[in-house]
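Architecture at a glance
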Amino acid sequence: MNPLTTCLLLSALLFSIGLAGALSRRNAILVLVGIELMLNAANLNFIAFWRYGPNPAALTGVMFTLFSIGIAAAEAAVGLGIILAVYRHTKSTDLDHMNSLKG
Amino acid sequence: MSIVFFILAALTITGTAAAMALRNAVHCILALTLGFVGLAALYLQLGAQFVGFTQIMVYIGAVAILAVFAIMMTRSAGPHPQPAFSRTWRTGTLIAVIVFAVLAYAISHTTLAPATLPQPEVTVNQIGDTLMHQYALPLEILGLLLTAALIGAVIVAMPAKQEAPQ
Amino acid sequence: MTTPDTIDQIFVITKHWLLGYVPAPLQPIASAILSVLPVMGVFPLLFAITTVLERKGLGRIQNRYGPNRVGPAGFWQPAADGIKSLTKEDVVPRNADQIVHFLAPIVLVIASFIVYAVLPIGRNMVITDLNSGLLYFFAVGSMVELSVFMAGWSSHSKYSLLGAMRATAQMISYEIPLVLAAVVVIMATGSLSTVTIVNAQTGYTMGFPHWFVFTPWGFAGFILFMIAATAESNRSPFDLPEGESEIIAGYYIEYSGFKFALFFLGEYLGMFATSGLAITLFLGGWAAPFSFLTWIPSYFWFFAKLLVIIGVFIWVRGTLPRLRQDQLMGFAWKFMLPMTLLNVFVAAAWHFLPTGIIRWAVCTALLVIPFIVFSMGLKQNKKLQVRTYRFAE
């Protein structure tokens, strides 16, 4: 198995762990964490393709990862802000309790 | 692939899996930081030094701390009367397993020809140059996005103004 | 090689001489160990010296003696403290989260130690010259916050949790000015490597050094960096995370014995590391202050500067009153952040303006006028006057 395949498999595993967490956790914060993990799996793919790609001098993978990290930070800030706002309303972060549109 | 890579991969997978499986939310975040450290070390291993340190700085220094603050403010780390997983966790895990199976099948049945180049030497100057010339516009947009997210997060999380007593 | 050069490089020469005895396959790891061990020995020793200096200095400021019983003039006090903390019972609260409670001091000490990897403590004396050294420093520094939270949360005590939340909020808030204050130096040298930054400051004009602190943006950056560093290392006047009258010892209240000593060690190591970074960034690192003093070894200058900065820390701790929590946050966001951002702008202006007196005048004005405006804003029409004391008759 060549190094690129190993990286991709690791990244796929990371993505699946994140997906499983996002789909099955009750706590909204941990669902957000699962989504962050999925983003991280994508970042690992970018770095792996950049490292083993034909033209590493172009730095495309590195750039994409840096931007992706920045966007993930913005996403975490807004997401946690929304969770706080919802918590103030329903006094819970349990997603199973948030099944009505009426506040 | 060196033995170091597999150790780091095991660390990452253990950390992230624990982050998704543990009951206590704070334990989850602490396990998550372990996973992020492993991932950052993997980036270093792959020759992306700048990205690795940025990963530690942003994910551990900012995102993990932010999540911890959110857990503290929503009191979701106390004793849990109800289960940590939602009612549909079997379906969720099944979907994740199927996704992994499909991805793994696709990856292992693709003939990838990685270029066996030596470890690329990326200096910070190169990254800076590329960021300021070729990617100047995305950088500006990212700055705008972060500013908007900062203001938006503050406004969303701000307590609604109390109505003045009549 | 001349004699001063030999003395200057004595540690480097010794290391290479020792490496000659190691078989070739083991040389990289032996080299790493030989570089790391002195650092792991010297800075805890400095910690021991600093504790006694601090207690004696504070005693002098507060008109009392300080430790003076163990050894000559009390200088064996750290040894006595060390033995005491080692032999004391290690109490862990029954409700505490045992694993996290145990890991917190370890994470803190490890994070405090590994930042020294990029500090140049002398000519050719740096453990590793990373291309993105400054980023490494700040990234590892951010792990300290997590260990503080781990300590406070795992103790399951209201005091420790409140202390930890205070400490984390304070460290996050002051990390932004800390990094932004360092950015001006990156702009001037065009490098994140600490070694390159020091090398850029080693020149002399008419016997005076090219340290960045002798420029308007460098001076402002240095002051802002030191204020942020004081807050980062939780020292007075920013020592809100611990306060005897409100939350007692803050996040490490439930720690005893050796773990408590580890927290103490971690805190001081963090302070030395940030001070060392301030020296590297603004005070010319290991460079001598005058060209006729270059014969004195480089590591001597580094530690001399470090001791001076530690002295200033002790002096400030003994002199200034503490802030309130809201004042602390207001200071970070309403004064430090705008000033550091402005300083970044001034550094850019300095780069593009022609050399001469106009450059100095413009840059100084750009810094002094907003400083006055922001200070007025912080004062908020409060009338400050000399406090009149009324003593009991």
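Above this text you will find the structure in question.
Below, the structure is looked at part by part. (Residues numbered from 1 in each chain as written. Chains lettered and ligands numbered in written order. Predicted model: local features only at pLDDT ≥ 70, side-chain atom pairs only at ≥ 80, totals over all residues. Heavy atoms only, no water.)

**Regarding the overall build of chain A**
The number of helices and strands found in chain A is 3 helices and 0 strands. Its helices and strands in sequence order give chain A the pattern α-α-α, from N to C terminus. Over its C-alpha trace chain A gives a radius of gyration of 17 Å, far above what one expects of a compact globule, namely 13 Å for 103 residues. C-alpha atoms of chain A, sized along the principal axes, occupy 55 × 25 × 15 Å. A burial count over chain A gives 62% of its 103 residues as buried. With an accessible surface of roughly 3900 Å², chain A has 70% of that area assigned to carbon and sulfur atoms. Between the mean site of the 6 positive side-chain charges and the mean site of the 4 negative ones, chain A shows a separation of 4 Å. (Helix = DSSP H or I, 4+ residues; strand = E, 2+ residues; numbered from the N terminus. Rg over C-alpha atoms; globule rule 2.2 N^0.38 Å. Buried < 20%, exposed > 50% of the residue type's maximum accessible area, 1.4 Å probe, protein only. Areas by Shrake-Rupley, 256 points an atom, 1.4 Å probe, with all protein chains shown as cover. Lys, Arg positive; Asp, Glu negative; His and termini not counted. Charge placed at Lys NZ, Arg CZ, Asp CG, Glu CD.)

**Here we look at the packing of aromatic side chains**
Any pair of aromatic rings gets described here by the distance separating the centres and the angle formed by the planes. Under the criterion given, the structure shown has 33 aromatic pairs over all chains. Measuring from centroid to centroid gives 4.6 Å for Phe-36 of chain B and Tyr-59 of chain B, while their planes differ by 45°, and the two rings are tilted. Of this pair, Phe-36 of chain B sits in helix 2 (residues 25–45) while Tyr-59 of chain B sits in helix 3 (residues 49–73), and the two are 23 residues apart along the sequence. The residues Phe-36 of chain B and Tyr-59 of chain B share a single accessibility class, namely buried. Look at Phe-300 of chain C and Trp-301 of chain C: their rings are 5.4 Å apart centre to centre, the planes differ by 70°, and that puts the pair in the edge-to-face class. Among the aromatic residues, those joined into a ring-pair cluster are Phe-47, Tyr-251, Tyr-252, Tyr-255, Phe-260, Phe-263, Phe-264, Tyr-268 and Phe-272 of chain C. (Phe/Tyr/Trp six-rings, centres within 6.5 Å; stacked < 30°, edge-to-face > 60°.)

**Things to note about the arrangement of the chains**
The structure contains 2 pairs of chains in contact, of which chains A and B account for the largest number of contacts. No part of chain A reaches chain C; the closest C-alpha pair between them is 14 Å apart. (Contact = heavy atoms within 4.5 Å.)

**Description of unusual backbone geometry**
All names here are of chain C. Even without glycine at this site, Asn-63 takes up a positive phi of about 65°. Examined against the element boundaries, Asn-63 turns out to sit in the loop between helix 3 (27–61) and helix 4 (77–87). Unlike most non-glycine residues, Asn-234 shows phi in positive territory, near 55°. For Asn-234, the location among the structural elements is in the loop between helix 9 (216–232) and helix 10 (257–282). Looking at Asn-234, the relative accessible area reads 6%, which means it is buried.

**Description of helix 7 (residues 158–189) of chain C**
Residues and elements named next belong to chain C. With 32 residues, helix 7 should reach 46 Å at 1.5 Å per residue; the first-to-last C-alpha distance of 47 Å fits that figure. When the local axis directions of helix 7 are compared, the greatest deviation, roughly 25°, occurs at Glu-175, which is followed within four positions by the proline Pro-177. One or two steps after helix 7, the chain reaches Gly-190, where phi turns positive at roughly 70°. (Expected span 1.5 Å × (residues − 1). Bend = angle between axes of the 7 residues up to and from the residue.)

**Some details on the side chain of Ser-193 of chain C**
Residue and element names in this part refer to chain C. Mapped onto the elements, Ser-193 comes out in the loop between helix 7 and helix 8 (194–199). Residue classification places Ser-193 among the buried residues on the basis of a relative accessible area of 4%. Those residues in contact with Ser-193 that sit more than four places away from it in its chain are Asp-129, Leu-130, Asn-131 and Gly-133.

**Some thoughts on the layout of surface pockets**
Residues and elements named next belong to chain C. What the second largest pocket holds in volume is close to 1300 Å³. As for the second largest pocket, its lining consists of 40 residues, of which Thr-51, Tyr-252, Phe-260, Phe-264 and Tyr-268 are closest to the centre. Mapped onto the lining of the second largest pocket, the elements with two or more residues apiece are helix 3, helix 4, helix 10 and helix 11 (298–319). With 9 residues, the single largest contributor to the lining of the second largest pocket is helix 10. Among the residues making up the lining of the second largest pocket, the classes are represented as 18 nonpolar, 10 polar and 12 charged. (1 Å grid on protein atoms, 1.4 Å probe; cavity = no way out; pocket = protein on both sides within 12 Å on 5 of 7 lines; lining within 4 Å. Points joined across faces, edges and corners; volume = space filled by probe spheres on them. Nonpolar A, V, L, I, M, F, W, Y, C, P; charged D, E, K, R; others polar.)

**Observations concerning the interface of chain C and chain B**
On the side of chain B, 23 residues touch chain C, which itself brings 25 residues to the contact. Note on chain C versus chain B: buried area summed over both sides is about 2100 Å², and carbon and sulfur give 79% of it. Linking chain C with chain B are 0 salt bridges, by the criterion used here. Taken together, the links from chain C to chain B amount to 3 residue pairs in polar contact (both at pLDDT 80 or more). Listed by contribution, the elements that provide at least two residues to the side of chain C that touches chain B are helix 6 (133–154) and helix 7 of chain C. If you tally residues by element for the side of chain C that touches chain B, the top one is helix 6 of chain C, at 11 residues. (Buried area = accessible area lost by both parts, 1.4 Å probe. Salt bridge = Lys/Arg side-chain N within 4 Å of Asp/Glu carboxyl O. Polar contact = N/O pair within 3.5 Å; in protein donor to acceptor, adjacent residues only side chain to side chain.)

**Digging into empty space enclosed by the protein**
For the coordinates displayed, the defined rule picks out 3 cavities of 30 Å³ or more. If you go around the largest cavity, you meet 23 residues; those closest to its centre are Gly-141, Val-144, Met-171, Glu-232 and Gly-270 of chain C. Taken together, the elements giving at least two residues each to the lining of the largest cavity come down to helix 5 (98–114), helix 6, helix 7, helix 9 and helix 10 of chain C. If you tally residues by element for the lining of the largest cavity, the top one is helix 10 of chain C, at 6 residues. Looking at the lining of the largest cavity residue by residue, the classes come out as 13 nonpolar, 7 polar and 3 charged. Of the voids in this model, the second largest cavity is the one considered here, and its volume is about 60 Å³. Leu-32, Val-33, Glu-36, Ala-76 and Leu-80 of chain A together with Leu-32, Val-63, Ala-64 and Ala-67 of chain B are the residues that line the second largest cavity.

**Considerations on the pattern of salt bridges**
Residues and elements named next belong to chain C. With the rule as written, the count across this model stands at 5 salt bridges over all chains. The partner of Glu-54 in a salt bridge is Arg-317, with the nearest N and O atoms 2.7 Å apart. Placement of Glu-54 in helix 3 and of Arg-317 in helix 11 is noted, with a sequence separation of 263 residues between them. When the shortest N-O distance is used, the salt bridge between Asp-81 and Arg-55 registers 3.2 Å. You can see Asp-81 sitting in helix 4 and its partner Arg-55 sitting in helix 3, a full 26 residues away along the chain. It is possible to trace a salt-bridge network through shared partners that takes in Glu-54, Arg-235 and Arg-317.

**Describing the nonpolar core**
Counting residues in each nonpolar core, the largest one holds 173 residues, and the members touching the most others are Phe-43, Tyr-116, Tyr-174, Phe-225, Phe-272, Leu-281 and Phe-282 of chain C. For this core, the leading source of residues is helix 3 of chain B, giving 17 residues. In this structure Phe-272 of chain C touches Phe-43, Leu-46, Phe-47, Thr-50, Tyr-116, Leu-306 and Ile-310 of chain C, once residues within four positions along its chain are discounted. (Core = buried A, V, L, I, M, F, W, Y, C linked by side-chain atoms within 4.5 Å.)

**Notes on the interface of chain B and chain A**
Listed by partner, the interface residues are 80 residues for chain B and 71 residues for chain A. In this assembly, chain B packs against chain A so that about 6400 Å² is buried in total across both faces, 78% of it on carbon and sulfur atoms. Summed over the shared surface of chain B and chain A, the result is 3 residue pairs in polar contact (both at pLDDT 80 or more). Within the residue set of the side of chain B that touches chain A, elements represented by two or more residues are helix 1 (3–21), helix 2, helix 3, helix 4 (89–108), helix 5 (124–133) and helix 6 (136–157) of chain B. Taken together, the residues of the side of chain B that touches chain A break down into 62 nonpolar, 15 polar and 3 charged.

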